[in-house]
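So the chains spell out like this:
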Amino acid sequence: MRAIVGLWRWRHNPLRRGTDLAEAWLALAALVLIVVAVPVIGTLTTDLSRDALLTSVREQREARHAIVGTVLRRVSSPPLDPDPETSSARDAHSRVLARWTAPDGTDRSGVVMARLNTPRPGDHFKLWTDERGHVVGRPLDTATATTHAALAGFGAATASVALIEGTRRIVLWRVERGRFARLDQAWAKAGPDWGRTGAGS
């Protein structure tokens, strides 16, 4: 809105400099880009991210299998985990030595995380494995994929606004530097004669 008001104000003003009009046009162009281009960028990023994530969801569901593991014994003192996402998941689980049958029919065993508060030998729990029976993470669900896609779109839109506004400010900074340089040159010419009679000042 300020850009439109600025353009109207400088339209027929005799004090208008070329840089004033350029400044107003620049503000208007930035406003149009923010109103038109940013939503498009956000929507496209969301759509592309969602498609890619949903493809990943389908692939994970095909490659990962939910099977039942049997607790052999509880394992104490889990290793330190610096990742807050996995450490919070670890806090809700117990480490156990367990055995399970892989999708290919082979018997497997190892230390895994079980969603059991007080695991005892013989307890059953759910875990995810690949085709060869190696333990893997739970497949990504559709709701989480959609949320991540929306966050990606919002991030892209925010970055676009920052880029447009940052570019506008850099151009304005250069315009102002040029304006001040011309003012310094004009003052250098007129300065020595300032206030002297007959000097044209």
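Since the structure is predicted, the reported quantities are computational estimates derived from the model, not experimental observations. (Residues numbered from 1 in each chain as written. Predicted model: local features only at pLDDT ≥ 70, side-chain atom pairs only at ≥ 80, totals over all residues. Heavy atoms only, no water.)

## Digging into the overall build of the chain
Stated formally: Helix and strand labels come from DSSP, where a helix needs a run of H or I of at least four residues and a strand needs a run of E of at least two; each type is numbered from the N terminus. Each residue gets one of three labels from its accessible area relative to the maximum for its type: buried under 20%, exposed over 50%, partly exposed in between, using a 1.4 Å probe on protein chains only. Where accessible areas are quoted, they stem from the Shrake-Rupley method and a 1.4 Å probe; at the residue level, only the protein chains shown are allowed to cover.
Along its length, the chain carries four helices and five strands. Ordered by position in the sequence, the α and β elements of the chain form the string α-α-β-α-β-β-β-β-α. Taken across its 201 residues, the chain has 23% of its residues classed as buried. Here the chain has roughly 14100 Å² of accessible surface; of this, 60% comes from carbon and sulfur atoms.

## Details of the side chain of Thr129
Quick reminder of the rule: Contact criterion: two residues are considered in contact whenever any of their non-hydrogen atoms come within 4.5 Å of each other.
Mapping Thr129 onto the fold places it in strand 4 (residues 124-129). Dropping the residues within four chain positions of it, Thr129 is found in contact with Ala63, Arg64, His65, Ile67, Trp100, Pro103, His134, Val135 and Val136.

## Overview of the side chain of Thr46
Going by this rule: Contacts described as polar in this section are N or O atom pairs within 3.5 Å, which, within protein, must combine one atom able to donate a hydrogen with one able to accept it, while residues neighboring in sequence count only if both atoms come from side chains.
Within the fold, Thr46 resides in helix 2 (residues 18-63). Here Gly42 takes part through its backbone oxygen, which lies 2.8 Å from a polar atom of the side chain of Thr46. In this structure Thr46 touches Ala149, Ala150 and Gly153, once residues within four positions along its chain are discounted.

## Let's talk about helix 4 (residues 142-190)
Worth spelling out the cut-off: In a helix, the anticipated span is given by 1.5 Å times the number of residues less one.
The end-to-end C-alpha separation of helix 4 is 72 Å, in line with the 72 Å expected for 49 residues at 1.5 Å each. Taken together, the buried positions of helix 4 are occupied by Ala145, Ala149, Gly153, Ala156, Ala157, Ser160, Ile164, Arg168, Leu172 and Arg179. A side-chain oxygen of the first residue of helix 4 lies 3.2 Å from the backbone nitrogen of Ala143; this N-cap is Asp141.

## Section: the pairing of strand 2 (residues 94-101)
In regular strands, side chains alternate between the two faces of the sheet. Rules: Strand pairing requires that DSSP identify at least two bridges connecting the strands.
Because side chains alternate across strand 2, one face comprises the buried residues Ser94, Val96, Ala98 and Trp100, and the other comprises Arg95, Leu97, Arg99 and Thr101, none of which is buried. Pairing geometry for strand 1 (residues 65-74) and strand 2, over four bridges, is antiparallel. Across the sheet, the residue bridging to Thr70 is Arg99, located in strand 2. Of the strand pairs in this sheet, strand 2 and strand 3 (residues 107-114) are connected by eight bridges, and their pairing is antiparallel. For Arg99, the partnering residue across the bridge sits in strand 3 and is Ser109. Connecting strand 2 to the antiparallel partner strand 3 that follows it, the hairpin turn spans five residues, and Gly105 within it adopts a positive phi of roughly 95°.

## Description of the pattern of salt bridges
This is how it is decided: Just to be clear on terms, a salt bridge is a Lys or Arg side-chain nitrogen sitting within 4 Å of an Asp or Glu carboxyl oxygen.
Applying the stated criterion across every chain, the model contains four salt bridges. For Arg50, the salt bridge identified is with Asp47, shortest N-O distance 2.9 Å. Remark: Asp47 and Arg50 occur in helix 2; sequence separation between them is three residues, near one turn of the helix. Given a relative accessible area of 27%, Arg50 falls into the partly exposed group. For Asp141, the salt bridge identified is with Arg138, shortest N-O distance 3.6 Å.

## Observations regarding the sheet that holds strand 4
Reading across the sheet, the five strands line up as 3-2-1-4-5 and stay open at both edges, with antiparallel pairing between neighbours. Edge positions in the sheet fall to strand 3 and strand 5 (135-136), since each of these pairs with one other strand and no more. Inspection of the sheet shows strand 1 paired to strand 4 by six bridges, in the antiparallel sense. Bridge pairing in strand 4 places Val68 opposite Lys126.

## Notes on a nonpolar patch on the surface
Here is the rule: Patch definition: residues above 30% relative accessible area lacking any salt bridge, with like charges linked at up to 9 Å and the nonpolar side chains Val, Leu, Ile, Met, Phe, Trp and Tyr linked at up to 5 Å.
The grouping of Leu31, Val32, Val35 and Val36 at the surface amounts to a nonpolar patch, some 320 Å² of accessible area in total. Here Val36 is to be found in helix 2.

Limitation: the analysis is restricted to geometry and does not speak to function.
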